[in-house]
Amino acid sequence: MMRIFFVILLSAPSAVTADGYIRPIPQPQSATAEFWFLAASLALIGALWGVHRLVSRR
């Protein structure tokens, strides 16, 4: 069993060696993505303000 494993291991050296790490390059954000992020941020702030008002009235 071990002989078969070593034969397979030695017959495919490219499968055994690892490639070097290639760092991903981040893509820039589009204007549309920035607009929707702004809209979501304002909606979250508005929701938090509404919860604050609701809880502080108690």
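Residues numbered from 1 in each chain as written. Predicted model: local features only at pLDDT ≥ 70, side-chain atom pairs only at ≥ 80, totals over all residues. Heavy atoms only, no water.

Engineer: Can you explain the overall build of the protein? Please cite residues and give values.
Structural biologist: From N to C terminus, the protein includes three helices and zero strands. In the protein, which comprises 58 residues, the share counted as buried stands at 0%. For the protein, the computed accessible surface area is about 6200 Å², with 70% contributed by carbon and sulfur atoms. (Helix = DSSP H or I, 4+ residues; strand = E, 2+ residues; numbered from the N terminus. Buried < 20%, exposed > 50% of the residue type's maximum accessible area, 1.4 Å probe, protein only. Areas by Shrake-Rupley, 256 points an atom, 1.4 Å probe, with all protein chains shown as cover.)

Engineer: Give me the lowdown on helix 3 (residues 31-56), citing residues and values where you can.
Structural biologist: Its 26 residues give helix 3 an end-to-end C-alpha distance of 37 Å, which sits within 8% of 38 Å, the value for a rise of 1.5 Å per residue. Within helix 3, only zero of the 26 residues are buried, which leaves the element largely exposed. (Expected span 1.5 Å × (residues − 1).)

Engineer: Break down the packing of aromatic side chains for me, citing the residues and quoting the values.
Structural biologist: Across all of its chains, the model carries one aromatic pair by this definition. When the ring of Phe 35 is compared with that of Trp 36, the centres are 5.2 Å apart and the planes differ by 70°; the resulting orientation is edge-to-face. Owing to a relative accessible area of 55%, Trp 36 belongs among the exposed residues under this scheme. (Phe/Tyr/Trp six-rings, centres within 6.5 Å; stacked < 30°, edge-to-face > 60°.)

Remember that the coordinates give geometry; whether it matters functionally is a separate question.
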